[in-house]
Amino acid sequence: MSGVPDRFGMLRETLLFDWKQWNPAVAWRSTPAMAIALGAGIAAGSPGAGLVTSAGAYTAGLGSLHKIRGSYRLPMLLASVGMALSTFVGMTLGHQSILFVVLAGVWAAAYALLTVMRGGTSCVALQWTVFLLVSSAFPTSPRAAAVRSALVLAGGLLQTLITAVVLRWGRRGNERDSDDPAERGFLEGLGDLRSCLSLRTPVCLYGLRMAIVVMAATEYFRHENFLSGYWVPMTTLLVVRADVFQTATRGVMRVMGTIVGAGLAGLIAAHLRPSPVVLAVLVLFFAWWAYSLLNVNYALFTLSLTAYIVFLLALSGLPPAEVVHRRALYTLLGGTFGLLAYVDV
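Quick notes on the rules
Residue numbers here run from 1 along each chain, matching the order of that chain's written sequence. In view of the model being predicted, local features appear only for residues whose pLDDT reaches at least 70, and side-chain atom pairs are presented and counted only at 80 or more, with totals across whole chains, interfaces and linings using the full set of residues. Note that the side-chain values use all heavy atoms of the structure and ignore hydrogens as well as water. Helix numbers and strand numbers start at the N terminus; a helix is a DSSP run of H or I with at least 4 residues, a strand a run of E with at least 2. Only protein chains enter the accessibility calculation, which uses a 1.4 Å probe. A residue is then buried if its area is under 20% of the maximum for its type, exposed if over 50%, and partly exposed in between. Whether two residues are in contact is decided by their heavy atoms: any pair within 4.5 Å suffices. Here a helix's expected span is defined as the number of its residues, less one, multiplied by 1.5 Å. Only centres within 6.5 Å qualify two rings of Phe, Tyr or Trp (six-membered ring in Trp) as a pair; their planes then separate them into stacked at under 30 degrees, edge-to-face at over 60, and tilted for everything else. What makes a nonpolar core is a set of buried Ala, Val, Leu, Ile, Met, Phe, Trp, Tyr and Cys residues whose side-chain atoms join them at distances within 4.5 Å. Salt bridge criterion: a side-chain nitrogen from Lys or Arg within 4 Å of a carboxyl oxygen from Asp or Glu. Here the term patch refers to residues with relative accessible area over 30% and no salt bridge, with like charges joined within 9 Å and nonpolar side chains (Val, Leu, Ile, Met, Phe, Trp, Tyr) within 5 Å. Per-residue accessibility takes into account occlusion by the displayed protein chains alone, with areas from the Shrake-Rupley method and a 1.4 Å probe. pLDDT is a residue-level measure of predictor confidence that goes from 0 to 100. Only the stretch in contact is used when fitting a helix axis, every axis being a line fitted to C-alpha atoms; angles between N-to-C directions are given from 0 to 180 degrees. Orientation labels follow simple angle bins: below 35 degrees gives roughly parallel, above 145 gives roughly antiparallel, 65 to 115 gives roughly perpendicular, and whatever is left gives oblique. Left-handed describes a crossing whose near helix is turned anticlockwise from the far helix by less than a right angle; the clockwise case is right-handed. Three classes are used: nonpolar for Ala, Val, Leu, Ile, Met, Phe, Trp, Tyr, Cys and Pro, charged for Asp, Glu, Lys and Arg, and polar for all others, with Gly counted as polar.

A.B. asks: Can you tell me about the overall build of the chain, naming the residues and giving the values?
C.D. replies: In terms of regular secondary structure, the chain is built from 14 helices and zero strands. Overall, the chain shows an N-to-C arrangement of helices and strands of α-α-α-α-α-α-α-α-α-α-α-α-α-α. Considering the chain as a whole, with its 345 residues, one finds that 52% of them fall into the buried category. Here the contacts in the chain between residues at least 6 apart in sequence split such that 79% fall between residues at least 24 apart.

If you want it as structure tokens, here you go:
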């Protein structure tokens, strides 16, 4: 390995809970858009459409935690449009295409390189890549892909609209003109990015590592062709960081949170045997906690996120027990691919 992770340091990071970062406000303002999407889908007899729209709304809500050039709306809008385009590309190509494997590497490298920029630019790129990987598991015609992409975009735009109204109603509309030095660094960040496009820079090496392991995980998914296998490259994307310590720590926290969250969701599903309406309530409940716990502790956030995803997919007809098993197994595989980024060659 490129350096041995400090086991005690990893333990400290895993057990660190920063409750000062608990943010129920973003949860309260972001879940209504998801509720509207899920409710409309169930009422129309198409919970699957509600699922897709709600997923777009959830992810766009994460964008409201960041700013680009002082605006919280810009990352939400960019995320929404990029997620829709990535969905279309992923569904049109499908994960069986070798071209898709290459594009997954390109998307992942772009995300890694953009981490050098301040603000929410890298967060936006991360969501584009996640949607590219997820959508590849559902190959279809361009027309059907366009419909699903439109649902993702609708969810993102609905979330952006509601967030803008809530923040302005709460007398926070002046956030557009933030004087935060971290947000004034957008143009400087562009200069930093250009200077990093050299194999000698750590950021460029990080981008290469990210591209290689995400492509390897995607190729594994393509070769094995197992259902929900997109979780493998998606987990790899989410755990690889700029050094081996951060990568190992994040991988451990991701696996721990996933296993506990999957187990919790499985127990709830087994005892409740929920109807679509109850499933929607459970989706909103765990999404609320995922939003509010995002910066408290990554394992705790992953626990809530996993339960949210289990119940969200259950709305499309997938048995929760099956989702739980796959989620845990494929997360472990994805974390293993992530560690390969720092194996010395």
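A.B. asks: So what's going on with helix α6 (residues 121–135)? Which residues, and what values?
C.D. replies: The end-to-end C-alpha distance of α6 is 22 Å, a good match for the 21 Å that 15 residues give at a rise of 1.5 Å each. The element α6 is largely enclosed, with a buried count of 13 among its 15 residues.

A.B. asks: Talk me through the packing of aromatic side chains; I want residue IDs and the actual numbers.
C.D. replies: Each aromatic ring pair is specified by the distance between its two centres and by the angle formed by the two planes. One pass over the structure, following the stated rule, counts 13 aromatic pairs. Plain terms: the ring middles of Y298 and F301 are 6.0 Å apart, the flat faces sit at 40° to each other, and that makes the pair tilted. Within this pair, Y298 and its partner F301 are both found in helix α13 (residues 298–314), separated by three residues, close to a single helical turn. Considered together, Y298 and F301 belong to a single accessibility category, that of buried residues.

A.B. asks: Please give an account of helix α12 (residues 276–293) that cites residues and values.
C.D. replies: Here α12 is 18 residues long and its end C-alpha atoms lie 26 Å apart, about the 26 Å a rise of 1.5 Å per residue gives. Those residues of α12 that are buried are in contact with α2 (24–43), α3 (47–63), α7 (142–169), α11 (244–272) and α13.

A.B. asks: I'd like a rundown of the nonpolar core, residues and numbers included.
C.D. replies: Formed by 75 residues in total, the largest nonpolar core has its most connected members in Y58, M210, L237, Y308 and F311. For this core, the element with the most residues is α13, which contributes twelve residues. Among residues more than four places away in sequence, those in contact with M210 are A108, Y111, A112, L237 and V240.

A.B. asks: Outline the pattern of salt bridges, supporting the account with residue identities and numerical values.
C.D. replies: Pairing of side chains with opposite charge becomes possible as their charged atoms draw close. Scanning all chains against the criterion turns up two salt bridges. Note that E219 is salt-bridged to R222, the shortest N-O span being 2.8 Å. With E219 and R222 both in helix α9 (residues 202–224), this residue pair falls three residues apart, about one helical turn. Using a relative accessible area of 21% as the deciding quantity, one classes R222 as partly exposed.

A.B. asks: An account of a nonpolar patch on the surface is needed here, citing residue identities and associated values.
C.D. replies: Taken together, the side chains of L15, F17, W19 and W22 present a nonpolar region at the surface, about 440 Å² in accessible area. For L15, the position within the fold is in the loop between α1 (7–14) and α2.

A.B. asks: Now, about the confidence of the model for the chain: what can you tell me, with residues and values included?
C.D. replies: Within the chain, residue pLDDT values average 87, and 87% of them lie at 70 or more. In the predicted structure, residues 172–185 sits below a pLDDT of 50 and forms 26 contacts with residues beyond four places in sequence or in another chain.

A.B. asks: Give a detailed account of the side chain of T59, specifying residues and quantitative values.
C.D. replies: On the secondary structure map, T59 appears in helix α3. A residue is classified by how much of its surface remains accessible, and T59, at 7% relative accessible area, is buried. If we ignore the near neighbours within four places in the chain, the residues touching T59 are M83, Q127, F131 and Y291.

A.B. asks: Any chance you could break down the packing of α6 against helix α10 (residues 231–239) for me, citing the residues and the numbers?
C.D. replies: Their axes nearest at 9 Å, the elements α6 and α10 cross at an angle of 165°. Relative to α10, the element α6 is oriented roughly antiparallel. Relative to α10, α6 is oriented so that their crossing is right-handed. On α10, the residues that touch L126, T129, V130, L133 and V134 of α6 are P233, M234, L237 and L238. The class makeup of the residues in the contact of α6 with α10 is eight nonpolar, one polar and no charged.

A.B. asks: Would you mind going over the packing of α2 against α7 in detail, with residue names and values included?
C.D. replies: Taken N-terminus to C-terminus, the directions of α2 and α7 make an angle of 140°; their axes are 9 Å apart at the nearest point. If you check the angle between α2 and α7, you find them oblique. Between α2 and α7 the crossing geometry is right-handed. Packed against α2, whose contacting residues are R29, S30, P32, A33 and I36, the element α7 presents L158, Q159, I162, T163, V166 and L167 at the interface. When grouped by side-chain class, the residues that make up the contact of α2 with α7 number seven nonpolar, three polar and one charged.

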